[in-house]
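Structure at a glance
Take a look at the letters that make up each chain.
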Amino acid sequence: MYICFPFLSIFLKWLESIPAGLPYTRLHKNLYLSMLVLTTCMAMVFWPTLAAALEKQSSKTPQRQLTELESHYMKSVLRGWRSFQTSYAEDGMACVHCHLEHDSMRTWVGSYPKVQVFDGKPYRVKGLRQVVLETLDKHTDLPADHRSELAEDLVAYIAWWGDGQSVKPGHSKSIPPAQRDLATLKKSVEKGQQLFLREADVPCGRCHSIGKNKSAHDMIPLTNSVTIFPRYMESSGRVISLEAFLAGHLSETSGKEYGPESAMVTDLIAYMASMAQGKKLRPGSK
């Protein structure tokens, strides 16, 4: 916008130097001047929007190619891709039949946990793994154990489409989410923070911190956890979602049984996601 004014001054002086006779009449000069003023005004009005769009475009992190992924994660993504194209129901319906435009999936993984509404399913904050399982429950004829196994690879596949995107909990579409949904997510984040800080049940704060670097007490930061899952875990021998990992980790350290879709796990991840807001997703990384 600022470079427009020197050019405007030069152009005005040039107009004044043009003779009033043919072929440049006073009418022509006024017309040129009006066009220039109009163009300059439009630039002033639309420049902030254009600049923001250019800045957003330049700040985007490109999606990695399959060959750039960690080998285990790449194989999980490929299995998820095949499952995404395959029907597991008598009606022949597969994921791809409803989700034809894969580019629309890019914001999915970074928006969870969030409120996801399905007919007949509870209204609550959910992780991506739970939403995938609910979808498989409605649109496949698979037994529960098979659905759980399938869900991990589907989550890995969906997460790869979000590679390079920013973490933005609760927002998966250009249309803003309902205020009720955001309020529900906020409560989940607050519950997760309380769980993280308290000593009983799940004493996360004893070993972990919410920050970029390890503290003086050699605590393990959790801020980046939501950006690198799903990923390969040697303890599991396969690629798993953050929900599955955290459920197993909590069960092991607390002596109690927690499921990946339990409210406690979801609330903790909601809190972690809120701390990672704006960070770039790189699933499958270490």
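Source: prediction; values computed, not measured.

What follows is about the packing of helix α6 (residues 128-139) against helix α7 (residues 144-161). When two helices pack together, their arrangement is given by the angle between the helix axes and the distance between those axes. α7 packs onto α6 with a crossing angle of 125 degrees between their chain directions and a minimal axis gap of 9 Å. In terms of orientation, α6 lies oblique with respect to α7. Relative to α7, the crossing made by α6 is right-handed. Facing Leu128, Arg129, Val132, Leu133, Leu136 and Asp137 of α6, the residues of α7 in contact are Arg147, Ser148, Leu150, Ala151, Glu152, Leu154, Val155 and Ile158.

This next bit is on the nonpolar core. Of all hydrophobic cores here, the largest spans 57 residues; its most connected members are Tyr73, Val132, Val226 and Leu268. By residue number, the principal contributor to this core is α7, which donates 10 residues. If near-sequence neighbours (up to four positions away) are discounted, leucine 268 is found in contact with Gly192, Leu195, Phe196, Cys204, Leu246 and Leu250.

When pLDDT is averaged across the protein chain, the result is 83; 73% of the residues are at 70 or more. With pLDDT under 50 throughout, residues 1-5 is counted as low confidence; its partners more than four residues away or in other chains account for 5 contacts. Note on residues 214-218: pLDDT is under 50 here. Beyond four places in sequence and across chains, it has 2 contacts.

So, on to the side chain of serine 83. If you trace the backbone, serine 83 turns up in helix α3 (residues 71-85). Of note is the side chain of serine 83, whose polar atom sits 3.5 Å from the side chain of tyrosine 88. Leaving out residues up to four positions away in the same chain, serine 83 has contacts with Tyr88, Leu150 and Leu154.

Time to look at the packing of aromatic side chains. Inspection of every chain in the model, using the stated rule, returns 5 aromatic pairs. Over the aromatic face of tyrosine 112 sits the side chain of lysine 114, whose NZ or CZ is 5.1 Å from the ring centroid. Between the NZ or CZ atom of arginine 180 and the centre of the ring of tyrosine 123, over which it lies, the distance is 4.0 Å.

For the structure shown, the criterion picks out 10 salt bridges. A salt bridge links aspartate 137 to lysine 121; its shortest N-O distance comes to 2.7 Å. Remark: lysine 121 occurs in the loop between β1 (114-115) and β2 (125-126) and aspartate 137 occurs in helix α6; sequence separation between them is 16 residues. A residue is classified by how much of its surface remains accessible, and aspartate 137, at 37% relative accessible area, is partly exposed. Accessibility expressed as a relative area gives 23% for lysine 121, which makes it partly exposed. Each member of the salt-bridge network shares a partner with another, and the members are Arg64, Asp163 and Arg282.

Here the focus is the packing of helix α10 (residues 242-254) against helix α11 (residues 263-275). The N-to-C vectors of α10 and α11 enclose an angle of 115 degrees; their axes lie 10 Å apart at closest approach. By crossing handedness, the relation of α10 to α11 is classed as right-handed. Counted together, Leu242, Glu243, Leu246, Ala247 and Leu250 of α10 and Val265, Leu268, Ile269 and Met272 of α11 form the full contact between these two elements. Here the contact of α10 with α11 is built from residues that sort into 8 nonpolar, no polar and 1 charged.

Each value, and the rule that gives it
- In this convention, every chain numbers its residues from 1, walking through the sequence in written order.
- It should be noted that, the model being predicted, local features are given only for residues of pLDDT at least 70 and side-chain atom pairs only at 80 or more, the latter also being counted only at that level, while totals for whole chains, interfaces and linings use all residues.
- The side-chain figures draw on all heavy atoms in the structure; neither hydrogens nor water molecules are used.
- Note on definitions: angles span 0 to 180 degrees between N-to-C directions of axes, and those axes are lines fitted to C-alpha atoms, for helices only across the stretch in contact.
- Per the convention used, a helix needs a DSSP run of H or I reaching at least four residues, while a strand needs a run of E reaching at least two, with both numbered from the N terminus.
- Any angle that falls under 35 degrees is termed roughly parallel, while one over 145 is termed roughly antiparallel, one within 65 to 115 roughly perpendicular, and all others oblique.
- If you view the pair so one helix is near and one far, a crossing is left-handed when the near helix is turned anticlockwise from the far one by less than a right angle, and right-handed when it is turned clockwise.
- The contact rule is simple, with two residues in contact once any of their heavy atoms fall within 4.5 Å.
- For our purposes a nonpolar core is just a set of buried Ala, Val, Leu, Ile, Met, Phe, Trp, Tyr and Cys residues, chained together by side-chain atoms within 4.5 Å.
- To sort residues, take the accessible area from a 1.4 Å probe on protein chains only and compare it with the maximum for the residue type: under 20% means buried, over 50% means exposed, and anything in between is partly exposed.
- The quantity known as pLDDT measures the predictor's confidence residue by residue, on a range of 0 to 100.
- Pairing of N or O atoms within 3.5 Å defines a polar contact, subject to two protein rules: one partner must be a possible hydrogen donor and the other a possible acceptor, and residues neighboring in sequence count only if both atoms are side-chain atoms.
- Paired rings are identified among Phe, Tyr and Trp, the last through its six-membered ring, by centres lying within 6.5 Å, and are further divided according to the angle between planes into stacked (under 30 degrees), edge-to-face (over 60) and tilted (the rest).
- Cation placement over rings: the criterion is NZ of Lys or CZ of Arg within 6 Å of the ring centroid and within 35° of the ring normal.
- A carboxyl oxygen of Asp or Glu within 4 Å of a side-chain nitrogen of Lys or Arg is what we treat as a salt bridge.
- Classes in brief: Ala, Val, Leu, Ile, Met, Phe, Trp, Tyr, Cys and Pro nonpolar; Asp, Glu, Lys and Arg charged; the others, Gly included, polar.

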